[in-house]
Amino acid sequence: MADDSTSDFQAGRTGLIVRIPEAEPAVRAWRERFDPSARAGVPAHVTVLFPFLDESRIDALVHAALANVLGSHPAFDLRFERCGRLPGVLYLAPEPDTPLRRLTEAIAERWPEAPPYGGRFAEIVPHLTIAQGQEDAALEEIEADLAGRLPFTARVSSVELIVHDGTKWQERASFALGEFREFGELGELGKFGE
């Protein structure tokens, strides 16, 4: 959950993420040193939507709606072969990122009161955060190390709902995506989940 400050780690705050366990061997040590979300219990991931609804609002109806919205999007594969930067952030860029954008857009459309990153950013940039708030020299060192560990691929077949309990982030639920389809299989006019 890049661009989070530790002030975003409040009890009851929630987020929707895609776990990327395939990234852990390459990024775990760097994330534990330079990404506050890793130290707060969040695994290597790409954020789908943060913050989501407060935990007090998440009931059986919200769970059912999440399962319906996310289940209408097929599972997909991602490739991570390069780093990218946002101001003060080093990340791995998932490719293609269109399926991730579509997940974010679908959740934000269903729950307009929960825009991505609280509406702080105009553009959705799917990414796997490695480091935040570091000088360029540190980011360059990390990037050089990662160059020898890339590329890798990851299968995305679910989205996790995580909740901050006041100390750590905890997984509360996992929502399966639909049947796997190769990206582009539907043709240029087709959309995932339709």
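No experiment lies behind these values; they were computed from the predicted model shown. (Residues numbered from 1 in each chain as written. Predicted model: local features only at pLDDT ≥ 70, side-chain atom pairs only at ≥ 80, totals over all residues. Heavy atoms only, no water.)

Student: Teacher, can you tell me more about the environment of isoleucine 17 here?
Tutor: Take isoleucine 17: it is sitting in strand β1 (residues 14-19). A relative accessible area of 0% places isoleucine 17 in the buried class. Here the alpha-carbon distance between isoleucine 17 and leucine 161, two residues 144 residues apart in the chain, equals 6.7 Å. (Helix = DSSP H or I, 4+ residues; strand = E, 2+ residues; numbered from the N terminus. Buried < 20%, exposed > 50% of the residue type's maximum accessible area, 1.4 Å probe, protein only.)

Student: In this structure, what is going on with unusual backbone geometry? I would like to understand it.
Tutor: Excluding glycine, most residues fall at negative phi; most peptide bonds, likewise, are trans. With omega at -5°, the peptide bond leading from glutamate 95 into proline 96 counts as cis. Looking at where proline 96 falls in the secondary structure, it is placed in the loop between β4 (89-95) and α4 (98-110). Even without being a glycine, tyrosine 117 presents a positive backbone phi close to 55°. Positionally, tyrosine 117 belongs in the loop between α4 and β5 (128-132). Since its relative accessible area comes to 13%, tyrosine 117 is described here as buried.

Student: Looking at this structure, how should I read the sheet that holds β1?
Tutor: What holds strands together in a sheet is hydrogen bonding between their backbones, with the strands either parallel or antiparallel. Strands sit in the order β2-β1-β7-β8 across an open sheet of four strands; the sheet is antiparallel. Edge positions in the sheet fall to β2 (45-49) and β8 (169-176), since each of these pairs with one other strand and no more. Between one strand axis and the next, the sheet turns through 35° on average, direction left out of account. Two elements, β1 and β2, share four bridges in a ladder whose sense is antiparallel. Of the residues in β2, the one forming a bridge with leucine 16 is leucine 49. Contacts from α4 reach β1, β2 and β7 (158-164) within the one sheet, and its direction differs from that of β2 by about 30°. (Pairing = 2+ DSSP bridges. Axes fitted to C-alpha atoms, helices over the stretch in contact; angles between N-to-C directions. Contact = heavy atoms within 4.5 Å.)

Student: Please clarify how the confidence of the model for the protein should be interpreted in this entry.
Tutor: If pLDDT is low for a region, its predicted coordinates should not be looked at in detail. The pLDDT averaged across the protein works out to 89; a share of 88% of its residues lies at or above 70. Ignoring residues within four places in sequence, the model shows residues 2-6, a span with pLDDT below 50, making 18 contacts including any to other chains. Segment residues 183-194: pLDDT under 50, and 22 contacts once partners within four positions in sequence are set aside and those in other chains are kept. (pLDDT = per-residue confidence, 0-100.)

Student: Teacher, can you tell me more about the sheet that holds strand β6 (residues 152-156) here?
Tutor: The sheet built from four strands is open, its strands ordered β5-β4-β3-β6 with antiparallel pairing. Either end of the sheet is taken by a strand with one partner, and the two such strands are β5 and β6. Mean inter-strand twist for the sheet, computed between neighbouring axes without regard to direction, equals 35°. Across six bridges, strand β3 (residues 76-86) lies against β4 in antiparallel orientation. Following the sheet pairing, glycine 84 is matched in β4 by tyrosine 91. Across the sheet, helix α1 (residues 24-34) is in contact with β4 and β5; its angle to β5 comes to roughly 50°.

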